[in-house]
Amino acid sequence: MPVPESPVTGGAPAGAARPSRLDPAVAARLRRTPDGLVAAVVRQHDTGEVLMVAWMDDEALHRTLTTGRATYWSRSRQEYWVKGATSGHHQYVRSVALDCDGDALLVSVDQVGAACHTGSRTCFFTELPVTAEGASS
């Protein structure tokens with residue numbers, strides 16, 4: 001008997017491992033964290049500007065690849081989220097690349113509005129001082 005889907009977990013069965021429809025050939029190349037996730041570095045497709053880092057499991061990657069809408073796994077809420085579904089700040093996926101080790105994804109998007117939950121264009125707006133010798137400004 002199939003496990004019923006939970007509205008709280010965005011379609012993942014309550015109390016079960018998150019199922020996936022990801023192509024098995026792609027899934028075999030992924031090196032996941034112990035909780036089944038892969039880091040997704042998100043950049044603006046035409047400028048290369050790094051916008052954010054999020055997490056994907058196999059199903060989030062499948063949804064991203066098949067819908068063209070960036071879909072992530074929320075570790076805090078334990079549910080899938082489509083970027084822009086509530087904020088209106090959508091990410092339309094242009095390409096997805098897997099790094100050489102299979103433990104990170106590079107998601108190139110057309111970002112509409114802010115990428116950061118703070119309302120900033122990018123999550124990387126806090127510069128840290130580099131004081132090592134040879135560092136240039």
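Because the structure is a prediction, the values reported are computed rather than measured.

Participant: A description of the overall build of the protein chain should follow, citing residues and the corresponding values.
Facilitator: Helix and strand content of the protein chain: two helices and six strands. Counting the 137 residues in the protein chain, one finds 34% classified as buried. Counted over contacts in the protein chain with a minimum sequence separation of 6, partners at least 24 positions apart contribute 44%. Of the roughly 8400 Å² of accessible surface on the protein chain, a fraction of 55% belongs to carbon and sulfur atoms.

Participant: If you had to explain the layout of surface pockets to someone new, which residues and values would you point to?
Facilitator: Taken as a whole, the largest pocket encloses approximately 540 Å³ of empty space. M52, R77, W81, K83 and H117 are, among the 23 residues lining the largest pocket, the residues nearest its centre. When contributions to the lining of the largest pocket are tallied by element, the ones reaching two or more residues are β2 (50-56), β3 (71-74) and β4 (79-82). With four residues, the top contributor of residues to the lining of the largest pocket is β2. Each residue belonging to the lining of the largest pocket can be placed in one class, and the counts come to 13 nonpolar, seven polar and three charged.

Cut-off values and rules
Residues numbered from 1 in each chain as written. Predicted model: local features only at pLDDT ≥ 70, side-chain atom pairs only at ≥ 80, totals over all residues. Heavy atoms only, no water. Helix = DSSP H or I, 4+ residues; strand = E, 2+ residues; numbered from the N terminus. Buried < 20%, exposed > 50% of the residue type's maximum accessible area, 1.4 Å probe, protein only. Contact = heavy atoms within 4.5 Å. Areas by Shrake-Rupley, 256 points an atom, 1.4 Å probe, with all protein chains shown as cover. 1 Å grid on protein atoms, 1.4 Å probe; cavity = no way out; pocket = protein on both sides within 12 Å on 5 of 7 lines; lining within 4 Å. Points joined across faces, edges and corners; volume = space filled by probe spheres on them. Nonpolar A, V, L, I, M, F, W, Y, C, P; charged D, E, K, R; others polar.

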